[in-house]
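Listed below are the residues making up each chain.
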Amino acid sequence: MSMHVHVFFFLTVAIFSATSSMSQSQTAASCNGIFVSYVYTGGERLPPNVSDTAEQPYRFESTLTVLNNGLEELKSWKVFVGFQHSEWLVSASNAVLADGTSLPAAVGNGTVLSGSTVRDLKTAVATAGDLTQMQVQVELVGSLLGVAPPSVPMPRSLTLANDGFLCGQPSREGSNETHVCCARDPSFKTNMSTDEEFLPREKGDLSITYDIIRTYDSNYWAEVTIANHNSLGRLDNWRLSWDWQNDEFIYTTKGAFPLNVDSSDCVFGSQGNFYKELDFSNVLNCERRPTIVDLPPSRFNDSELGQIPFCCRNGTILPPTMDPSMSASRFQMQVFKMPPNLNRSTITAPRNWEIKGTFNPHYECGHPIRVSPSESPDPTHSASNKSSIASWQVVCNITNTNRETRKCCVSFSAYYNESVIPCKTCACGCPSNPERTCSATSQAMLLPPEALLVPFENRTQKAVSWAEIQRLPVPNPMPCGDNCGVSINWHVATDYRKGWSARVTLFNWGETSFADWFAAVQMEKAAKGFEEVYSFNGSLLESVENTIFMQGKEGLNFLVAETDGSNPRKDPRVPGKQQSVISFTKKETPGINVVGGDGFPSKVFFNGEECSLPSVLPSCVARPEVSLATMMFLVMLLSIIFMSQ
């Protein structure tokens, strides 16, 4: 496609965008319900260049708008976008996928988007026409196949996905906009039997439930439950934060504790003026945005702080596939309220929830939604259930959007190539001024196998010598390191007629040991042939397609931190290591090309964190035998690991 065509296309899109914004406002004004529009704003060709035009990838950018022009507030908005061009959604501002799938994700068969930062849309009457409260705009960025400019890739359908609404046929405005108006269905009947209609509980990677279990005029007891639903999600040393809406403060807790114990904001604030007789030396936290942390296991039987189910685990929440009994955490807290909310029935849930861990995925949490009261077994009557007074749910989903760096990385090697392809340069971050000491843009240098056993700062001579042997260029300045706390080597070890094998080695270069670690590898073409992991516990997940899940066996589930060498004065530090062989059969995967690349994972996870992968694979030098250097490395590595156990 010529440059003139590209310029014409982008000018056309710009003109469409300007005119569509004016026509859209006119069209929206004629909708006396929920107005939903999808506007394509631009795109460009992506590599690689392929001969089949139907398989050529392109970037797309679009804006989804949801506007409430009705007389009732729209709770927890949801919109179905009928993508149809093998789209892959990379980011969506102010929204998440309603089914809990993390971005990026394949959405070629259409997907339902729901609000993350803005979930509820108020009416014009309630806000005096304030669009910031009536409307949400979602900026979508992704890729698709086969639709080249000046053609415009539009969804086949667009509709509001909330129950109780009827939508007309979508209308087109020019070539880059489609919109629809949806109104309440007068014949719709809810199946709710209570006086107050609650929103249905939603699915996500992580859910936080805020249950009111006891309430008084001036204070209440809340029980907070964090439940992990993602097969590869995990939290270690979790920290949970939120914002109080009405100057509430935490008097006491059970099962967890505030990170900062400080009542000074109450003493010098409105709380101290109102609660004149309250001893604020016993108040735990008065911050507008408190942070709560878990207690150690030693506190579980503490009559004052513990004795709460699922509490006191040092903030560890494991995947349900690993241990369902360890996939949740719970605590209780006594919350004091402020005027004018001094009655038993006026309770406002906190907002702006955030949860973090020390070496874990990034979670994006939505607004709390009112759900039906939670039920749990009554401890005093085994045959009865006890219902909470009120419940709110917060759904959090794993997202890699705007993630600058990773926390772990992967190197590739194979029996048919003597070199190791190391982790990418600056895979987990770079120095603030790398140009002074190293290059942040130079490609990482190939390594001899034994170089994986030493820290990056001790690899320079090995890398330079290996480059001379292999007749490879040496950058000046040298490339920066990967700076990853955890690295994983995936080595294709054998390939024969009926099967093949790989060897996975975990290295911990950090100062923190990992208890109950797990790793997972996604093998697009090889997973169905998985047979066994020998030194780890391993299984093929049913909940995550083409993914092999591995964890340490009992007694070997501790990936220790980096330690000093045998002679600290001259020996480099030694990483914590774990290693196992994985065997595969070719019976279930006929036609698999192990040497051609099918023997390497497309994604690797450690403790829920997706690791950085090399951009290239080891090349085949057309010899099936294991090289001497690789064999010596494997023997040495195995002996070191067995001696350290």
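Residues numbered from 1 in each chain as written. Predicted model: local features only at pLDDT ≥ 70, side-chain atom pairs only at ≥ 80, totals over all residues. Heavy atoms only, no water.

**Student:** Describe the overall build of the chain, and please don't skip the residues or the numbers.
**Tutor:** If you tally the helices and strands in the chain, you get eight helices and 38 strands. The buried share among the 645 residues of the chain stands at 50%. Of all intrachain contacts in the chain linking residues separated by at least 6 positions in sequence, the fraction that spans at least 24 positions is 70%. Counting only carbon and sulfur atoms, one obtains 51% of the accessible surface of the chain, whose full area is about 30800 Å². (Helix = DSSP H or I, 4+ residues; strand = E, 2+ residues; numbered from the N terminus. Buried < 20%, exposed > 50% of the residue type's maximum accessible area, 1.4 Å probe, protein only. Contact = heavy atoms within 4.5 Å. Areas by Shrake-Rupley, 256 points an atom, 1.4 Å probe, with all protein chains shown as cover.)

**Student:** Can you break down helix 6 (residues 460–470) residue by residue, with the values?
**Tutor:** All of the buried residues in helix 6 are Ala 463, Val 464, Trp 466 and Ala 467. Burial along helix 6 is one-sided: seen end-on, the buried residues are contained in an arc of 165 degrees. Within helix 6, the exposed residues directed more than 90 degrees away from the buried face are Gln 461, Glu 468 and Ile 469. At its buried positions, helix 6 is contacted by strand 27 (417–421). Arg 471 lies just past helix 6 and shows a positive phi near 60 degrees. (Arc of directions from axis to C-beta.)

**Student:** Quick rundown of the nonpolar core? Include the residues and the values.
**Tutor:** One finds Ile 488, Trp 490, Met 550 and Phe 606 to be the most contacted residues of the largest nonpolar core, which totals 38 residues. Secondary-structure elements contributing two or more residues to this core are strand 26 (408–414), strand 28 (486–495), strand 29 (499–508), strand 31 (518–522), strand 32 (530–533), strand 34 (547–552), strand 36 (576–585) and strand 37 (603–606). Core analysis: the second largest hydrophobic core is formed by 33 residues, Tyr 58, Ala 105, Val 107 and Leu 144 among them. (Core = buried A, V, L, I, M, F, W, Y, C linked by side-chain atoms within 4.5 Å.)

**Student:** How would you summarise the pairing of strand 25 (residues 390–398) if you had to cite specific residues and measurements?
**Tutor:** Taken across its nine residues, strand 25 has nine buried, putting it largely inside the fold. Residues Ala 390, Trp 392, Val 394, Cys 396 and Ile 398 point to one face of strand 25 and Ser 391, Gln 393, Val 395 and Asn 397 to the other, with burial holding for every one of them. Inspection of the sheet shows strand 13 (residues 206–215) paired to strand 25 by seven bridges, in the antiparallel sense. In the sheet register, Thr 209 faces strand 25, and the bridge partner there is Gln 393. Bridging between strand 21 (residues 363–365) and strand 25 involves three bridges; their strand directions are antiparallel. (Pairing = 2+ DSSP bridges.)

**Student:** How would you explain the packing of aromatic side chains if you had to name every residue and give the values?
**Tutor:** What the rule picks out here adds up to 23 aromatic pairs. Note on Tyr 210 and Trp 353: the rings are 5.9 Å apart at their centroids and 70 degrees apart in plane angle, and the pair reads as edge-to-face. Of the two residues, Tyr 210 is situated in strand 13 and Trp 353 in strand 20 (residues 351–356); the sequence distance between them amounts to 143 residues. Just as Tyr 210 is buried, Trp 353 falls in that class too. Measuring from ring centre to ring centre gives 5.5 Å for Phe 249 and Phe 336, while their planes differ by 15 degrees; the resulting arrangement is stacked. Of this pair, Phe 249 sits in strand 16 (residues 249–254) while Phe 336 sits in strand 19 (residues 328–336), and the two are 87 residues apart along the sequence. Both residues of the pair, Phe 249 and Phe 336, count as buried. Chaining the aromatic ring pairs together yields one cluster made of Phe 249, Tyr 251, Phe 274, Tyr 275, Phe 280 and Phe 336. Stacked on the ring of Trp 392, the Lys or Arg Arg 370 has its end atom at 5.0 Å from the ring centre. (Phe/Tyr/Trp six-rings, centres within 6.5 Å; stacked < 30°, edge-to-face > 60°. Lys NZ or Arg CZ within 6 Å of the ring centre and 35° of its normal.)

**Student:** So, the sheet that holds strand 7 (residues 111–115): which residues are in play, and what are the values?
**Tutor:** Spatially, four strands are ordered 5-7-3-9 in an open sheet, and the strand pairing comes out antiparallel. Edge positions in the sheet fall to strand 5 (95–97) and strand 9 (158–160), since each of these pairs with one other strand and no more. Sheet twist, expressed as the average angle between the axes of neighbouring strands with direction ignored, equals 30 degrees. As defined by bridge partners, strand 3 (residues 78–81) adjoins strand 9 across three bridges and the pair is classed as antiparallel. Bridge pairing in strand 9 places Val 81 opposite Leu 158. (Axes fitted to C-alpha atoms, helices over the stretch in contact; angles between N-to-C directions.)

**Student:** Account for the state of the cysteines, with residues named and values stated.
**Tutor:** Scanning all chains against the criterion turns up ten disulfides. Cys 167 shares a disulfide with Cys 182; S-S distance 1.9 Å. Residues Cys 167 and Cys 182 are joined by a disulfide whose S-S torsion is about 105 degrees; by sign, that bridge is right-handed. Here the residue Cys 167 occupies a position in strand 10 (residues 165–167), and Cys 182 occupies one in strand 12 (residues 177–184), the gap between them amounting to 15 residues. (Disulfide = S-S within 2.5 Å.)

**Student:** Any chance you could break down the pattern of salt bridges for me, citing the residues and the numbers?
**Tutor:** Summed over all chains, the structure comprises 14 salt bridges. Note that Asp 302 and Arg 299 form a salt bridge whose closest N and O atoms lie 2.8 Å from each other. Salt-bridge contacts for Arg 573 lead to Asp 564; the nearest nitrogen and oxygen are separated by 2.6 Å. Several salt bridges share partner residues, and in doing so they unite Asp 243, Arg 289, Glu 354 and Lys 356 into one network. (Salt bridge = Lys/Arg side-chain N within 4 Å of Asp/Glu carboxyl O.)

**Student:** Pulling in residues and values, what's your account of the side chain of Asn 417?
**Tutor:** Within the secondary structure, Asn 417 sits in strand 27. Side-chain polar atoms of Asn 417 contact the backbone nitrogen of Ser 419, separated by 2.9 Å. (Polar contact = N/O pair within 3.5 Å; in protein donor to acceptor, adjacent residues only side chain to side chain.)

**Student:** Before we move on, can you summarise the sheet that holds strand 27 with the specific residues and values?
**Tutor:** Pairing is mixed across the open sheet formed by six strands, whose spatial order is 27-26-28-29-36-32. At either margin of the open sheet sits one strand with a lone partner, and together these are strand 27 and strand 32. Between one strand and the next, the sheet's axes are offset by a mean angle of 20 degrees, whatever the strand orientation. Summarising the sheet, strand 28 and strand 29 pair through nine bridges and their orientation is antiparallel. Bridge pairing links Trp 490 to Val 504 in strand 29.

**Student:** How would you explain unusual backbone geometry if you had to name every residue and give the values?
**Tutor:** With an omega dihedral of 0 degrees, the bond running from Pro 47 to Pro 48 counts as a cis peptide bond. Mapped onto the elements, Pro 48 comes out in the loop between strand 1 (34–45) and strand 2 (57–68). In the Ramachandran plot, Ser 76 falls in the positive-phi region, its phi being about 50 degrees despite a non-glycine side chain. A relative accessible area of 4% places Ser 76 in the buried class. Within the chain, Ala 128 stands out as a residue other than glycine whose phi angle is a positive 60 degrees. With respect to the helices and strands, the residue Ala 128 is situated in the loop between helix 2 (124–127) and helix 3 (131–134).

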